[in-house]
Amino acid sequence: MDHFLYRDGALFAEDVPVNEIAASVGTPFYCYSTATLTRHFRLFDEALEPLDHLVCFAMKSNSNQAILKTLAELGAGMDVVSGGEYARAKAAGVPGDRIVFSGVGKTATEMRAALSGGIRQFNVESEPEMELLNAVALSMGVVAPVAIRINPDVDARTHAKIATGKSENKFGIPIARAKEVYARAAALPGLEVTGIDVHIGSQLTELEPFELAYKKVAELTQALRADGHEIRRLDLGGGLGIPYTRSNEAPPLPSEYGDLIKRTLGHLGCEVEIEPGRLISGNAGIMVSSVIYVKNGEGRDFLIVDGAMNDLVRPSMYDAHHDIIPVREPAPGTEQAPIDIVGPVCESGDTFAKQRDMPPLASGDLVAFRSAGAYGAVMSSEYNSRPLIPEVLVKGDQFAVIRPRPTFDEMISRDNIPEWLL
Ligand SMILES: *Cc1c(COP(=O)(O)O)cnc(C)c1O
């Protein structure tokens, strides 16, 4: 459920008409709903009751400061995957003890920054990383809290580019080697092993892969405890999918996911962390775009909009589907006809949808790409020298630009001309 609904024939973001935002900031732009973010965070938070738990928002899905602050004020922790994300989390006021640091390639610089700024735990993904973190912590005279990310070798049954829990993926330590690696970690004086971490992929639309993985985590917890390790925390990753189409998909609910966690791991007495990204931010955002032209091709019509693959890359990168709806609600009974919806970028891959049934639209009409709040703005670029599009946050009847559109001059002035060209 989200808060982008038609009212009196026009699309609203909460209590704000989307066309009013468009008139104020210009298109294309991202628009997020505070009520939706809040609702989704709370669903997870409540789903894990009564376990001792922390919901760490995977901020790689959306790392705008205003989004982070909105969630942090609700009590969210953050899952960060880079020094830049760590800095953003801190800048948004998230205390270090609510930040977990994931990622396969943490550098010594990133480790030092997190150790000096405060960190709940590093999710360590390899033995070389473990050795480096130990050395960095010792050089600073501190002890680094760690969970070790194990790769449970389960098939998440999602798009290959976002599956992370099979043995052929680059993530984590093979579960078969876990005992050996934990023994090594326990012998390193710069590390304090707190628990186990697992994350099997993104946009999972079934609970079964989670169940397989979490059962393996439960067994491993007991095996490691038997070896004398104090396993007190389980980080269960993110990955619960969202419905990208209104019609047929019905991924599991956070409450069902929470029940699964309690059923498979509740008896272990561990503190539980989860790292949802998409399910919190995905349906909390839309991308609003204007129709530039309707072009009639040979046997095919094209709706050319001012948003493009550089603004929202998911369709070209993951073959992802986004529902695209007109901002002015079509009258009941309006005929729909198939059309290709494309952006202006000079690549055939700049196609949002092929042969999508749409009501008649004309130049200047606004359309909204739904479910664009996750992996949208964060993955955007200035390809074709198209300035990053603005982000807007709505709360009730208020809205604010939370990242402005740079001017061409601002975009150009980031480049420097070397002396020899002056
Ligand atoms: C990407 C990622 C997440 C979030 O995945 P979602 O599908 O957005 O919930 C969580 N944890 C880790 C380690 C990740 O890499």
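The numbering scheme is per chain: residues are counted from 1 as the chain's sequence reads. With the structure being a predicted model, the display of local features is reserved for residues of pLDDT at least 70 and the display and counting of side-chain atom pairs for 80 or more, all residues being used for whole-chain, interface and lining totals. No hydrogens and no water enter the side-chain calculation; it runs on all heavy atoms of the structure.

Novice: What is the right way to read the packing of aromatic side chains from this model?
Specialist: The geometry of an aromatic ring pair is captured by the separation of the ring centres together with the interplanar angle, meaning the angle of the planes. Ring pairs are drawn from Phe, Tyr and Trp, using the six-membered ring of Trp, whenever the two centres fall within 6.5 Å, and their geometry is named by plane angle: stacked under 30 degrees, edge-to-face over 60, tilted for the rest. Evaluation of the coordinates by the stated rule reveals seven aromatic pairs. For the pair Y30 and Y32, a centre-to-centre distance of 6.2 Å together with 15° between the ring planes defines the contact as stacked. For the pair formed by Y30 and Y32, the shared burial category is buried. By the ring-pair criterion, three or more aromatic residues cluster together here, those being F44, F210, Y214 and Y257. A cation over a ring is seen here: R7 above F12, with NZ or CZ 4.7 Å from the ring centre. A 1.4 Å probe rolled over the protein chains alone gives each residue an accessible area, and that area as a share of the maximum for its type sets the label: buried under 20%, exposed over 50%, partly exposed in between. Lysine and arginine charges are scored as sitting over a ring when NZ or CZ, respectively, is within 6 Å of the ring centre and within 35 degrees of the ring normal.

Novice: Is there a simple way to think about the nonpolar core in this case?
Specialist: Side chains of a nonpolar character, in soluble globular proteins, are inclined to be buried together. Note on terminology: a nonpolar core comprises buried Ala, Val, Leu, Ile, Met, Phe, Trp, Tyr and Cys residues joined through side-chain atoms within 4.5 Å. Core analysis: the biggest nonpolar cluster contains 94 residues, and F122, Y214 and L236 have the highest contact counts within it. Strands here are runs of E lasting at least two residues and helices are runs of H or I lasting at least four, both read from the DSSP assignment and numbered beginning at the N terminus. Considering each element in turn, this core owes the most residues, seven residues, to helix α8 (residues 208-226). For the domain bounds, the source is a domain assignment made automatically or taken from a database. Looking at this core, you find at least three residues from each of domain 1 (4-31 + 282-412) and domain 2 (33-281). The next biggest cluster of nonpolar side chains, apart from the first, holds 18 residues, and it includes V25, I286, V288 and V394.

Novice: Quick question: what am I supposed to make of the site of the ligand here?
Specialist: Any residue with at least one heavy atom within 4 Å of a molecule or strand is counted as near it. Near the ligand there are 15 residues, and of these K60, S202, E275, R278 and Y375 occur at the shortest range. Here an oxygen atom of the ligand and a side-chain polar atom of S202 are 2.3 Å apart. Within the complex, the protein chains bury 94% of what would otherwise be the 390 Å² of accessible surface of the ligand. Note on definitions: the grid is 1 Å and covers protein atoms alone; a cavity is a set of points where a 1.4 Å probe fits but cannot get out; a pocket is an open set with protein on both sides within 12 Å along at least five of seven lines; lining residues have an atom within 4 Å of a point. Each molecule is assigned to a cavity or pocket provided more than half of its atoms lie within 2 Å of the corresponding grid points. According to the grid-proximity analysis, the pocket containing the ligand is the largest pocket. Side-chain classes follow a simple rule in which Ala, Val, Leu, Ile, Met, Phe, Trp, Tyr, Cys and Pro form the nonpolar group, Asp, Glu, Lys and Arg form the charged group, and the remainder, Gly included, forms the polar group. Across the shell around the ligand, the residue classes break down as three nonpolar, seven polar and five charged. Polar contact is the term for a pair of N or O atoms within 3.5 Å; when the atoms are in protein, one must be able to donate a hydrogen and the other to accept it, and sequence-neighboring residues count only if both atoms are side-chain atoms. Accessibility throughout is a Shrake-Rupley quantity obtained with a 1.4 Å probe, and a residue counts as covered only by protein chains that appear here.

Novice: I tried to follow the environment of A353 on my own but got confused; where do I start?
Specialist: Turning to its location among the elements, A353 is positioned in strand β18 (residues 351-358). Placed 29 residues apart in sequence, A353 and I324 show a C-alpha to C-alpha distance of 8.8 Å. Whether two residues are in contact is decided by their heavy atoms: any pair within 4.5 Å suffices. The residues touching A353, leaving out its near neighbours within four places in the chain, are I324, I339, D340 and I341.

Novice: Would you take a moment to explain the side chain of S289 for this structure?
Specialist: Inspection of the secondary structure assignment puts S289 in strand β14 (residues 285-296). On the basis of relative accessible area, S289 is assigned to the buried category, the value being 0%. Looking at S289, its side chain comes within polar contact range of the main-chain nitrogen of G307, at 2.8 Å. Beyond its immediate sequence surroundings of up to four residues, S289 is in contact with T27, P28, V305, D306, G307, D365, L366, V367 and F369.

Novice: Before we go on, may I ask you to explain the layout of surface pockets in this structure?
Specialist: Taking a probe equal in size to a water molecule and rolling it over the atoms shows the remaining empty space. Space inside the largest pocket adds up to approximately 580 Å³. Lining the largest pocket are 32 residues, with K60, T164, F171, H199 and Y375 sitting closest to its centre. Of the residues belonging to the lining of the largest pocket, the class tally is 12 nonpolar, 10 polar and 10 charged. Here the lining of the largest pocket gathers at least three residues from each of two domains, domain 1 (4-31 + 282-412) and domain 2 (33-281). Grid points are joined across faces, edges and corners, and a volume is the space filled by probe spheres set on the points.

Novice: Just to check I follow, could you spell out the side chain of N151 for this structure?
Specialist: Along the chain, the position of N151 falls in strand β9 (residues 144-151). Its relative accessible area of 6% is what places N151 among the buried residues. Sequence-distant contacts of N151, defined by excluding residues within four places in its chain, comprise T164, G165, K166, S167, N169, F171, G172, I173, P174 and I175.

Novice: Whenever I open this one, the domain arrangement of the chain confuses me. Can you help?
Specialist: Many structure descriptions define interface size as the accessible area lost when the parts assemble. In terms of domains, the chain is made up of domain 1 (4-31 + 282-412) and domain 2 (33-281). Here the C-alpha centre of domain 2 lies 32 Å away from the C-alpha centre of domain 1. Contact residues are listed per partner, giving 27 residues for domain 1 and 27 residues for domain 2. Summing the contributions of domain 1 and of domain 2, the shared interface buries around 2200 Å²; its carbon and sulfur component is 51%. In the sections that follow, a salt bridge refers to a side-chain nitrogen of Lys or Arg positioned within 4 Å of a carboxyl oxygen of Asp or Glu. The tally of links from domain 1 across to domain 2 stands at zero salt bridges. Put simply, buried area is how much 1.4 Å-probe accessible surface two parts lose in total, over both of them, once they are put together.

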